[in-house]
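# Observations on chain architecture
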Amino acid sequence: MDKTINLPLIKGTGKNPLLSDYVNLFPVNMLAVPPKIVTDGGYMRSFPGLVKFADVDGASRGVLSNAFDSLVYRVCGKKLYQSGKEIADVSGDERVSMAGSNQSVAVAAGGVMTVRKIDGTTAKLANWPPSKYFPGETTVLVSGNKSAGYDGSLPLTEPMTDKGRLVLTITPATSSGATGAALEVDKIQKSYDQGVPGSGTPYLTDVFVSGFDISGTTLTVGYTFNANGADGDDNTSFVWTQIVEPTDIRYAQYDLGEVADICHANSRYAWIKAGTNTFGVTDLDDETHPDRYRPFMTAESFPDPAIGIAALNGDIVVFGTVSTEYFTLTGFTDSTKPIYKSQQAALIPVGIAGVHSKVQVGSKFAVISNPAGGKVSVYLLGDGRATEIASPEIIRELQKFRPEELAESVVETLETGIHQLIIVRVASFVWCYDLTSKNWCCLSSGPEMKPHIATDFALENGRITCGDIYHGQLGWLDESTAAQYGEPQSHILYTPMLSAAGAVLVDLELNTASGLAGSIEHLAVAASTDGATFPHEVQVISDGPRRYTERVLLPNVGYVAKDIAFRFRSFSRTAFTATSCKVRAT
């Protein structure tokens, strides 16, 4: 009796002959689209193609979408670009870390953080000068006179008590205009008297400032007014000033170390001091110098060196080899207290493999873990826990790499259409996890199936732009094509193993959206009975100009002894969509 069997396309199943184990076979350059049209099971859609729009100095080394100025900054070759315009030089050829503020953009390369300010000047992270001459300053804090209702009192704030010397200038006067000599009072709790002047000139005795030089308190002024024959009422005037004497300001000199990674949070840049479990922060007044008094904090939850750093909602996240620690502002203004403190409740016992083995995805981080933690995998970190998202096949591949190879890995994120993607690059492998469909696929470029060339994705002028891992060019993602810079690309789909012992299979059909190709295109269909090899391919017509009703059909499959699986492979510039697959058993 005839029976139609529907075959899923989201991933296939096969066998690893070296391990004698069943494995998943991931689609190549194909994304799973959740159900919305055509079928209740969703469909598979080709990864967007690439269209070139600019030449740059070299391969892409990093990207920053600066939220403060809504511009995209890229390091390509040895140049820094601002929305495609070259603005500065960058040393080295390794991948860089980038961060930005409303005043500058910072690039960490070769162990040095270089800050480019909005005025075009650049400066490297360095200590404050050992000493700096301060010429002094005099600031009027408050002034008034008796007739205006001012009695000379002074509420004290912290800057008043810390910054310099407070001086009260009090001048006797009458409402008729008679004025005596000014008296300077620079001592609290001490009585002052003026000598008796000539008749008609007022003067003061028993001048006394009460209170304490403590922030939050108020100084009050008492005195005896002597008219000395002058007409009118008491109209004594008061002027409080703060005097800071000229001095040489000396700054502490810190061991800033080599900069391994950077971020920006709460108006400060933060950097990882390479080879330590310490991170530093810059000063609020100057982003190119460390904080004057308390620049360093230590991640004490793990003894191994910190590897990476990131900012999340104003907090600082420090990634080690075996744990990830969150730091929040303490709010202390005391120069002896730390700026940040650890949130031990948010500690996650998973670290990262390398500086760039992390990326922020919403309120979480996607990371490749460090082998020092006992297991190499791909995790989502957040809300105080680690959620593993790697499949057994990806875990198995990751465990084959040496620690130094994993340290060079890169994790990126990309949102295109309805897809929120996590892209994992390790050596020659590029895996892509779709948070929307919860499925993995592989990404490649060219007929040799090399690693996908697009990297460093950013939303720019309404399009998603990207750099190139090999060449000095910038492109943008185009969903209307599958070509990468005009070159056709491979697209591969697998079905699960079908148990059909003794059946004869006919009419294998792949339902596709056809009619868009510029010329006749073919699809290569292969079958596997062992789950390990697909020894023979059959070419069938899959698309052509205006062939909207084209059926991808293999009429005769043949007799199945036990199990069978199918592979569909195209090599095309045309965007490829497959909605379903079915075969008839007789």
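One structure accompanies this document, and this report is about it. Since the structure is predicted, the reported quantities are computational estimates derived from the model, not experimental observations.

## Quick notes on the overall build of the protein
Tallying secondary structure elements over the protein gives three helices and 53 strands in all. Radius of gyration (C-alpha) of the protein: 36 Å, far over the 25 Å computed for a compact globule of 586 residues. Taking the principal axes of the C-alpha coordinates as reference, the protein spans close to 130 × 50 × 45 Å. Here the protein displays about 26800 Å² of accessible surface, and carbon together with sulfur accounts for 51% of that area. Side-chain charges in the protein split into 48 positive and 63 negative, and the spacing between the mean points of these groups amounts to 8 Å.

## A few points about the sheet that holds strand β39 (residues 429-434)
As summarised here, the arrangement of the four strands in space is β37-β38-β39-β40, forming an open sheet in which the pairing is antiparallel. Lying at the two open borders of the sheet, with one neighbouring strand each, are β37 (410-416) and β40 (439-442). Averaged over all neighbouring strand pairs, the angle between strand axes comes to 25°, with direction disregarded. Alignment of strand β38 (residues 419-426) against β39, held across six bridges, turns out to be antiparallel. Paired with I423 across the two strands is C432, which belongs to β39.

## Thoughts on the pairing of β37
Counted residue by residue, β37 has five buried out of seven residues, so it is predominantly covered. Strand direction decides the pairing type here: β37 and β38, joined by seven bridges, are antiparallel. Pairing of V410 across the sheet is with R425, part of β38. What sits between the antiparallel neighbours β37 and β38 is a turn of two residues, in which G417 has the positive phi angle 60°.

## Topic: the sheet that holds strand β13 (residues 112-117)
Read from one edge of the open sheet, four strands run β11-β12-β13-β14, paired in antiparallel fashion. A single partner strand is all that each edge strand has here, and the edge strands are β11 (97-100) and β14 (122-124). Strand-to-strand, the axes of this sheet are offset by a mean angle of 20°, without reference to chain direction. In this structure, β13 lies alongside β14, joined through three bridges in antiparallel fashion. Bridge assignment links V115 to a residue of β14, and that residue is A123.

## Observations regarding unusual backbone geometry
Here Q189, not a glycine, exhibits a phi torsion of approximately 65°, which is positive. Along the chain, the position of Q189 falls in the loop between β19 (183-185) and β20 (191-192). Of note in the backbone geometry, N266 takes a positive phi value of approximately 55° without being a glycine. By the secondary structure assignment, N266 is in the loop between β25 (259-265) and β26 (268-273). Given the relative accessible area of 31%, N266 is considered partly exposed.

## Thoughts on the pattern of salt bridges
Enumeration according to the criterion identifies 23 salt bridges in this entry. One salt bridge connects R165 with D186, and the closest N-O pair in it is separated by 3.6 Å. Taken together, the residues R165 in strand β18 (residues 165-171) and D186 in the loop between β19 and β20 connect sequence positions 21 residues apart. Classification of R165 by relative accessible area gives partly exposed; the value is 35%. Where E245 meets R165, a salt bridge forms, and the shortest distance between an N and an O atom there is 3.0 Å. With E245 in the loop between β23 (237-244) and β24 (247-250) and R165 in strand β18, this pair connects stretches of sequence that are 80 residues apart. Residues joined by salt bridges that share partners form a network here, namely D2, D507 and R584.

## A few points about the environment of L166
The residue L166 is located in strand β18 in this model. Given the relative accessible area of 12%, L166 is considered buried. As for L166 and D193, which are separated by 27 residues in sequence, their C-alpha atoms are 19 Å apart. In this structure, L166 is in contact with L141, L154, L156, M160, V185, D186, D213, L219, W240, T241 and Q242, ignoring residues within four places of it in sequence.

## Focus on the side chain of T205
Take T205: it is sitting in strand β21 (residues 203-210). By relative accessible area, which is 15% here, T205 ends up buried. When near neighbours in sequence (up to four residues on either side) are disregarded, T205 contacts Y192, D193, Q194, Y223, T224 and N226.

Reading the values: the criteria
- Residues numbered from 1 in each chain as written.
- Predicted model: local features only at pLDDT ≥ 70, side-chain atom pairs only at ≥ 80, totals over all residues.
- Heavy atoms only, no water.
- Helix = DSSP H or I, 4+ residues; strand = E, 2+ residues; numbered from the N terminus.
- Rg over C-alpha atoms; globule rule 2.2 N^0.38 Å.
- Areas by Shrake-Rupley, 256 points an atom, 1.4 Å probe, with all protein chains shown as cover.
- Lys, Arg positive; Asp, Glu negative; His and termini not counted.
- Charge placed at Lys NZ, Arg CZ, Asp CG, Glu CD.
- Pairing = 2+ DSSP bridges.
- Axes fitted to C-alpha atoms, helices over the stretch in contact; angles between N-to-C directions.
- Buried < 20%, exposed > 50% of the residue type's maximum accessible area, 1.4 Å probe, protein only.
- Salt bridge = Lys/Arg side-chain N within 4 Å of Asp/Glu carboxyl O.
- Contact = heavy atoms within 4.5 Å.

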